[in-house]
Each structure stands twice: as structure tokens, then as C-alpha cells.
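Understanding the architecture of this molecule
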Amino acid sequence: MDHRIVSALRACGADPCVAGAARALSLAGEHGAVGLAGAVVDRPRRGAWLRGTTLTVGAHAAGSAVKRVVRRPRPTHVEPLVGTVGRHSFPSSHATSAAAAAVVFGALGARAVPPLAAAVCVSRLVAGVHYPSDVAAGAALGVLTARLGARRTTGGPA
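Now for a look at the structure at hand. (Residues numbered from 1 in each chain as written. Predicted model: local features only at pLDDT ≥ 70, side-chain atom pairs only at ≥ 80, totals over all residues. Heavy atoms only, no water.)

**Notes on the overall build of the protein**
So the rule is basically this: Where helices and strands are cited, they refer to DSSP runs of H or I of at least four residues and of E of at least two residues respectively, numbered from the N terminus. Radius of gyration: C-alpha atoms only; globule rule: 2.2 Å multiplied by the number of residues to the exponent 0.38.
For the protein, the helix and strand inventory stands at seven helices and zero strands. Secondary structure elements of the protein, listed N to C terminal, follow the sequence α-α-α-α-α-α-α. For 158 residues, the compact-globule estimate of 2.2 N^0.38 gives 15 Å, and the protein sits close to it at 16 Å. When the backbone C-alpha atoms are referred to their principal axes, the protein occupies close to 50 × 35 × 25 Å.

Here it is, written out as C-alpha cells:
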């Protein structure tokens, strides 16, 4: 089922507009910039934005660590639209950091982040660099990491 879904969504990337959006969203998957921008713009809550940035980066690191343990290869039955840093697929680190950003920055009122995070997750499938289970596991890890981290830094739920 994973293979079929990747094949179907990667086929959508044959449209140049869809391919361009998938490539752009791969770059937008680096959510630390959102937190830094929030820290500059929202001075009264600068600390919260910076903690959120730290949680998002930490989530990305957690995804990368799990990826090194699991070592699942990326899809090879489709031509990828984007380059990747490594050859391992599970979990998607983009999905991990995107979901963490949705939790922490969404809680700070950045309403555009959750839909952007969802688009980043789908883009990894359209780009042909992850299986749906990679993205789902990455998103779950990102939410878990953000919630646990928020509890530790604030003493309460995210």
C-alpha cells in the first residue's frame, strides 16, 4: 500500500506547478526560521518563540536519530523530485519538525503553521522521497516531542 500511494502522489508531481510547490515546501520544511521570526516580531513572547524553535530543532534531531537506527531505504520505485541529505527514510524528519512546529507555533497563534506543516508532509510523498508510513511516524514523533518538551519547559501541556 505504501508503494502504491507514493506512486500515485509522485505522479501528481509530473505537473510542473505541483513539482515546484513540492520543491518549495521541501525548503519550507525548515521551521526554525518561523520561530526566529516570531522572536523578532513578538518581543513580549520572545522566550516562548525561542523555546519553540529549540523544541522544533530537537524534534528534527530526534527524527534523525530514529532514522539512523531504523535505516529504512527511501523509495526507489519512483524518481525523486528533490535531493536528500541521506538515504534513509523512516521517519520523515521534515514531517517530524513540521508537526512539532505546528504544535508549538500554533499554540503561539501562528495560524498558518499547521496547514503549512500538513502541506510539507504531503510534499514529501509528492516528491517521492518518503513512504506514507514514514510521514505518519515522523508527524507523530514531532507532536510527541513538542508536547513532552513543552511540558518540561513550561510545566504544563503544550
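**A look at the nonpolar core**
The tendency in soluble globular proteins is for nonpolar side chains to be buried as a group. We apply this condition: Joining through side-chain atoms within 4.5 Å is the link that ties buried Ala, Val, Leu, Ile, Met, Phe, Trp, Tyr and Cys residues into a set, and such a set is a nonpolar core. Here the term buried applies to any residue with accessible area under 20% of the maximum for its type, exposed to any over 50%, and partly exposed to those in between, with areas from a 1.4 Å probe on protein chains only. We call two residues in contact whenever any of their non-hydrogen atoms come within 4.5 Å of each other.
Ranked by internal contacts, the top residues of the largest apolar core, which has 14 residues, are Trp 49, Val 104, Phe 105, Ala 110, Val 113 and Ala 146. Mapped onto this core, the elements with two or more residues apiece are α4 (46-70), α5 (93-107) and α7 (132-154). With five residues, the top contributor of residues to this core is α5. If near-sequence neighbours (up to four positions away) are discounted, Val 113 is found in contact with Val 34, Ala 101, Ala 102 and Phe 105. Listed in part, the seven residues of the second largest apolar core include Val 6, Cys 121, Tyr 131 and Val 135.

**What to know about unusual backbone geometry**
Each neighbour pair has its own omega, and for Phe 90 with Pro 91 the value is -5°, a cis peptide bond. Its place among the elements puts Pro 91 in the loop between α4 and α5. Residue Arg 71 is not a glycine yet carries a positive backbone phi of 60°. The residue Arg 71 is located in the loop between α4 and α5 in this model. Given the relative accessible area of 45%, Arg 71 is considered partly exposed.

**A closer look at the packing of aromatic side chains**
In plain terms, the rule: Here a pair means two rings of Phe, Tyr or Trp (six-membered ring of Trp) with centres within 6.5 Å. Their orientation is stacked below 30 degrees between planes, edge-to-face above 60, and tilted elsewhere.
What the rule picks out here adds up to one aromatic pair. Each ring, one from Trp 49 and one from Phe 105, has its centre 5.5 Å from the other, and the planes form 20°; the classification is stacked. With Trp 49 in helix α4 and Phe 105 in helix α5, the pair connects residues that are 56 residues apart, well separated along the chain. For the pair Trp 49 and Phe 105, a shared accessibility class is recorded, and that class is buried.

**Examining α5**
So the rule is basically this: Multiply 1.5 Å by the residue count of a helix minus one, and that product is the helix's expected span.
Look at α5: 21 Å from first C-alpha to last across 15 residues, which is about the 21 Å you get at 1.5 Å a residue. Burial analysis of α5 places 13 of its 15 residues in the buried class, the great majority of the element. Looking one or two places after α5, you find Gly 109, whose phi comes out positive at around 95°.

**Some points on the side chain of Asp 134**
With respect to the element layout, Asp 134 can be found in helix α7. If we ignore the near neighbours within four places in the chain, the residues touching Asp 134 are Arg 72, Ser 89, Phe 90, Pro 91 and Ser 92.

**Section: the packing of α5 against helix α6 (residues 113-126)**
Packed helix pairs are specified by the crossing angle of their axes together with the interaxial distance, meaning the distance between the axes. To keep it simple, the criterion reads: Fitted lines through C-alpha atoms serve as axes, helices being fitted only where they are in contact, and the angles separating the N-to-C directions of these axes extend from 0 to 180 degrees. To sort the angles, those under 35 degrees are grouped as roughly parallel, those over 145 as roughly antiparallel, those from 65 to 115 as roughly perpendicular, and the leftovers as oblique. Amino acid classes used here: Ala, Val, Leu, Ile, Met, Phe, Trp, Tyr, Cys and Pro are nonpolar; Asp, Glu, Lys and Arg are charged; the rest, including Gly, are polar.
At a minimum axis distance of 8 Å, the contact between α5 and α6 shows a crossing angle of 170°. As the angle between them shows, α5 and α6 are arranged roughly antiparallel. Seen from α5, the contacting residues are His 94, Ala 95, Ala 98, Ala 99, Ala 101, Ala 102, Phe 105 and Gly 106; seen from α6, they are Val 113, Pro 114, Ala 117, Val 120, Cys 121 and Arg 124. Here the residues of the contact of α5 with α6 are counted per class, giving eleven nonpolar, two polar and one charged.

**A word on a nonpolar patch on the surface**
Here is the rule: Exposure above 30% relative accessible area and the absence of a salt bridge qualify a residue for a patch, where like charges join within 9 Å and nonpolar side chains (Val, Leu, Ile, Met, Phe, Trp, Tyr) within 5 Å. Note on areas: Shrake-Rupley, 1.4 Å probe, and residue coverage restricted to the protein chains presented here. Take a side-chain nitrogen of Lys or Arg and a carboxyl oxygen of Asp or Glu: if they are within 4 Å of each other, that pair is a salt bridge.
Nonpolar side chains collect at one region of the surface, where Val 66, Val 69 and Val 70 lie side by side and expose about 240 Å² of accessible area between them. Summarising the element assignment, Val 70 is placed in helix α4. Judged by its relative accessible area of 42%, Val 70 falls in the partly exposed class.

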